[in-house]
Amino acid sequence: MVCSWKPLPSRDVLVALFVVLGMCLAFGSSSALAQPPYEPNDSLLTAYGPLANNSTYTATDDTINDVDYFYFYVTTTSTAQLTFKLTNLGGGSGYHDLYASVTDSHGGSVTGIAYELDAADYATKSVTLGAGKYYLKVEGGGGYGDTYEFTTSGTDGAFGEYGTIAAQCAAATGPVATYQAQLATAESALKKAEARLRKVHYRGTRRAKRRARAKYQHVKETVAAEKASLKAAEAGQKPWCYIPQ
């Protein structure tokens, strides 16, 4: 049997090329999606997260000046204990050491996690934190290209979801709105009581003056009580309504 090859028409060639290209793109996309989307995470604004509890993350110190940030939330109403285990897997150039620390939401240092962590070494650190947004900061000590791995674990409220924080803020904001409205009503009543007191001061009877003074004093005390309640309610918004997303 003689086999022959017949060139495809130009239109069919284009279709075939598009099909092959689509398959390559799909495969490439799948491979890209399989990689952790940590980068760019070189600043607080571009940090990767939120980190989850009982999870493992692997990343690379890409350049000599690379600093990686990963953010996480603590959502407990008291405190939570968080544990990090950082391992330097090596593979880079230059000095094979890593530094890691936990910072607050403004980038201020909270505690160190690892210091001059050489290739194949690991460090474990536990820290107790209150509710808030925090960052894990990892950077090299002069070299670059080292791959590192860290694991997270913690008690209730460690590595939580922002939704819990938002819910706490919403629950605390309800009483604030209520006391703001009540204070506005009380202050309006106080203005009326003050105006009434001035009115009867010169032309009112003793009884009218006595009643006006008593009314004014009562409303004044009500305003003070509402202000105290509002202040307490606003204190209840902390820290929840002040934690950035």
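Just so it is clear, the structure is predicted and the values come from calculations on it, not from any experiment.

Criteria and thresholds
All chains use their own residue numbering, which begins from 1 and follows the written sequence. Only residues with pLDDT of at least 70 are given local features in this predicted model, and only at 80 or more are side-chain atom pairs given and counted; all residues enter the totals for whole chains, interfaces and linings. Think of the side-chain values as coming from all heavy atoms in the structure, minus any hydrogens and water. Our working definition of a disulfide is a cysteine sulfur pair at a distance within 2.5 Å. Under the DSSP-based scheme used, a helix requires at least four consecutive residues in state H or I and a strand at least two consecutive residues in state E, with every element numbered from the N terminus. Each residue's exposure class comes from its accessible area (1.4 Å probe, protein chains only) as a fraction of the maximum for that residue type: buried when under 20%, exposed when over 50%, partly exposed otherwise. Surface patches are drawn from residues lacking salt bridges whose relative accessible area is over 30%; two like charges belong together within 9 Å, two nonpolar side chains (Val, Leu, Ile, Met, Phe, Trp, Tyr) within 5 Å. What sets the accessible areas is the Shrake-Rupley method with a 1.4 Å probe; for residues, cover comes only from the shown protein chains. Any Lys or Arg side-chain nitrogen located within 4 Å of an Asp or Glu carboxyl oxygen qualifies as a salt bridge. Charge assignment in this entry is limited to Lys and Arg as positive and Asp and Glu as negative, and neither His nor the chain termini are counted. Throughout, a charge is located at the NZ atom of Lys, the CZ atom of Arg, the CG atom of Asp or the CD atom of Glu.

## Section: the state of the cysteines
Going through the model one piece at a time under the given rule, you end up with 1 disulfide. Put simply, Cys 169 and Cys 241 are joined by a disulfide, and their sulfur atoms are 2.0 Å apart. Judged by the torsion about the S-S bond (110°), the Cys 169/Cys 241 disulfide is right-handed. Placement of Cys 169 in helix α2 (residues 162–203) and of Cys 241 in the segment after α3 (206–235) is noted, with a sequence separation of 72 residues between them. A relative accessible area of 19% places Cys 169 in the buried class.

## Things to note about a positive patch on the surface
A cluster of basic residues, Arg 196, Lys 199, Arg 203, Arg 206, Arg 207, Arg 210, Arg 211 and Arg 213, forms a positive patch at the surface. Looking at the positive patch, the elements that each hand over two or more residues are α2 and α3. By residue number, the principal contributor to the positive patch is α3, which donates 5 residues. In this structure, Arg 210 sits in helix α3.

## Structural notes on unusual backbone geometry
The omega angle of the peptide bond from Glu 39 to Pro 40 is -5°, so this bond is cis rather than trans. Inspection of the secondary structure puts Pro 40 in the loop between α1 (10–34) and β1 (55–60). Of note, the bond from Gly 49 into Pro 50 is cis; its omega dihedral lies within 30 degrees of zero at 0°. Despite not being glycine, Asn 54 has its phi angle at roughly 50°, a positive value. Along the polypeptide, Asn 54 turns up in the loop between α1 and β1. For Glu 116, which is not a glycine, the phi torsion comes out positive at approximately 50°.

## Considering the pattern of salt bridges
Applying the stated criterion to the full structure yields 2 salt bridges. Between Lys 137 and Glu 139 there is a salt bridge; the shortest N-O distance is 3.9 Å. Classification of Glu 139 by relative accessible area gives partly exposed; the value is 27%. With a closest N to O distance of 3.9 Å, Arg 198 and Glu 194 form a salt bridge. One end of the pair, Arg 198, and the other, Glu 194, are both in helix α2, 4 residues apart, so they sit about a helical turn from each other. Overall, Glu 194 belongs to the partly exposed group, its relative accessible area being 34%.

Everything listed is a geometric property; what it means functionally is a separate question.
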